[in-house]
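Take a look at the letters that make up each chain.
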Amino acid sequence: RKINHKFREEGRKFNMESEGGYFTLNNGNKIPTIALGTWQAGDDDIQTCLKEAINIGYRAIDTAPVYGNEAALGKALKANFESGSVCRDQMFITSKIWVDNHRAEDVRKTCLKSLEDLQLEYLDLLLIHWPWSGVLDFETGKLTLDPVPLSETWGAMEKLVDEGLVKNIGLSNFNVQLILDLLSYCKIKPAINQVEMHPYHPQNELVQWCSSQGILMEAYCPLGLGSVPGVQGPDVQKIIEREDLKEIAKRLSKTPAQIILAWGIQRGTRILPKSSSAVRLRENFEAASIQLPQEDIEKINAITTRAMFYGGWKSQGLPIFS
């Protein structure tokens, strides 16, 4: 299967495509279509979960220092590398810069700490986790802003690429306005913009615009399940429980979750589902090989319910996507 999004930049023509289980980034590097999300994955689950995921065929992991599990993930990666079940150059590992590490000197420190915890010599992808900077108290939910120019943060990340500590750099939770500003001064163009995306929050305009700029969109919360701890989630029917999606799934002999994930991939976005269940890990991974009929894609596109499940910015009074 092949999904193309063609765009032009300074007279050069690129093809952003999903083919053979990989997208091609705007710098020519390959990135697996599906990655294992690890937010809220406990240390006890990481070892078993990662081994199972690698055996199934996962070759990409998405993590972050704020998840609190990079050290456990590093031990699990090392065990799999040493057992020969997978090689380092076959894995694509993503980490992120948390909001209290946006200053240049802190960007480098947090990268080196992630490398130490993950027991790696380089990261395949490093993202700015959120476009605002400050200190967030997780117990009270209070955010104390400490504004840092994004140009300072991005410049420090570009230096990490120059040093060979990071292969690709990108963004998370950025809107068009913020990306436009960054494009005015960056030396290395963002390869990725990771945001919440699912049929209830498809972000169609952002997907279309980023594609036109050669920036691959990737979806966390691709099934529209869960919510931020301590934050009231939206009062809507679960996407996987919708009758229209159940009908599609039954007709194609798939699960509703597989239909949603396949829809995400076919619209040209990378997906980051998470699960500790061996059955669901396999089902999620197999979604990458499902080809939905066009009429089913149109049915999902026609869903009018709108809701966000991980809009963490709401609790801090920062309406980034409003």
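So, a few notes on the structure that sits alongside this text. Computed from a predicted model, the values in this text were never measured in an experiment.

1. Here's the deal with the pattern of salt bridges
Turning to step 1, where the next piece is worked out: All told, the structure shown has 12 salt bridges when counted by the stated rule.
Turning to step 2, where the next piece is worked out: A salt bridge links Lys 78 to Glu 82, with the nearest nitrogen and oxygen atoms 4.0 Å apart. Of this pair, Lys 78 and Glu 82 both sit in helix α2 (residues 70–83), separated by 4 residues, roughly a single helical turn.
Turning to step 3, where the next piece is worked out: By relative accessible area, which is 39% here, Lys 78 ends up partly exposed.
Turning to step 4, where the next piece is worked out: Several salt bridges share partner residues, and in doing so they unite Glu 247, Arg 251, Asp 296 and Lys 299 into one network.

2. Regarding the sheet that holds strand β13 (residues 216–220)
Turning to step 1, where the next piece is worked out: One open sheet accounts for 8 strands, arranged β5-β6-β7-β8-β11-β12-β13-β14; its pairing is parallel. The open sheet is flanked by β5 (36–37) and β14 (270–272), the only strands paired with a single partner.
Turning to step 2, where the next piece is worked out: Inspection of the sheet shows strand β8 (residues 123–128) paired to strand β11 (residues 166–172) by 5 bridges, in the parallel sense. Bridge pairing in β11 links Ile 128 to Leu 171.

3. Examining the packing of aromatic side chains
Turning to step 1, where the next piece is worked out: One pass over the full model with this rule turns up 2 aromatic pairs.
Turning to step 2, where the next piece is worked out: Between Tyr 58 and Phe 285, the aromatic rings sit 5.0 Å apart at their centres with planes inclined by 45 degrees, giving tilted as the arrangement. You can see Tyr 58 sitting in the loop between α1 (43–56) and β6 (60–62) and its partner Phe 285 sitting in helix α9 (residues 278–286), a full 227 residues away along the chain.
Turning to step 3, where the next piece is worked out: A residue is classified by how much of its surface remains accessible, and Phe 285, at 24% relative accessible area, is partly exposed.
Turning to step 4, where the next piece is worked out: It is Arg 88 that lies over the ring of Tyr 122; its NZ or CZ is 4.1 Å from the centre.
Turning to step 5, where the next piece is worked out: Cation over ring: Lys 167 sits above Tyr 122, and NZ or CZ is 4.7 Å from the ring centre.

4. Points about helix α10 (residues 294–301)
Turning to step 1, where the next piece is worked out: Taken together, the buried positions of α10 are Asp 296, Ile 297 and Ile 300. All buried residues of α10 lie within an arc of 105 degrees about the axis, which places them on one face of the element.
Turning to step 2, where the next piece is worked out: The elements touched by buried residues of α10 are α7 (243–252) and α8 (256–266).

5. Overview of unusual backbone geometry
Turning to step 1, where the next piece is worked out: Of note, Gln 119 is a non-glycine position whose phi angle comes to about 60 degrees, a positive value.
Turning to step 2, where the next piece is worked out: Along the polypeptide, Gln 119 turns up in the loop between α3 (104–118) and β8.
Turning to step 3, where the next piece is worked out: For Gln 119, a relative accessible area of 37% corresponds to the partly exposed category.
Turning to step 4, where the next piece is worked out: The phi dihedral of Gln 203 falls on the positive side, at around 50 degrees, and the residue is not glycine.

6. Focus: the pairing of strand β12 (residues 192–196)
On a regular strand, one side chain projects to one face of the sheet and the next to the other, so that they alternate.
Turning to step 1, where the next piece is worked out: The buried fraction of β12 is high, at 5 of 5 residues.
Turning to step 2, where the next piece is worked out: Taken together, the 2 bridges between β11 and β12 define a ladder with parallel strand orientation. Across the sheet, the residue bridging to Ser 172 is Gln 194, located in β12.
Turning to step 3, where the next piece is worked out: Read as a crossover between parallel neighbours, the route from β11 over helix α5 (residues 176–183) to β12 is right-handed.
Turning to step 4, where the next piece is worked out: Pairing of β12 with β13 involves 5 bridges; the strand directions are parallel. Residue pairing for β13: Ile 192 is matched across the bridge by Leu 216.
Turning to step 5, where the next piece is worked out: Handedness of the crossover joining β12 and β13 through helix α6 (residues 204–212): right-handed.

About the cut-offs
Residues numbered from 1 in each chain as written. Predicted model: local features only at pLDDT ≥ 70, side-chain atom pairs only at ≥ 80, totals over all residues. Heavy atoms only, no water. Salt bridge = Lys/Arg side-chain N within 4 Å of Asp/Glu carboxyl O. Helix = DSSP H or I, 4+ residues; strand = E, 2+ residues; numbered from the N terminus. Buried < 20%, exposed > 50% of the residue type's maximum accessible area, 1.4 Å probe, protein only. Pairing = 2+ DSSP bridges. Phe/Tyr/Trp six-rings, centres within 6.5 Å; stacked < 30°, edge-to-face > 60°. Lys NZ or Arg CZ within 6 Å of the ring centre and 35° of its normal. Arc of directions from axis to C-beta. Contact = heavy atoms within 4.5 Å. Right-handed = clockwise from strand over helix to strand, strands pointing away.

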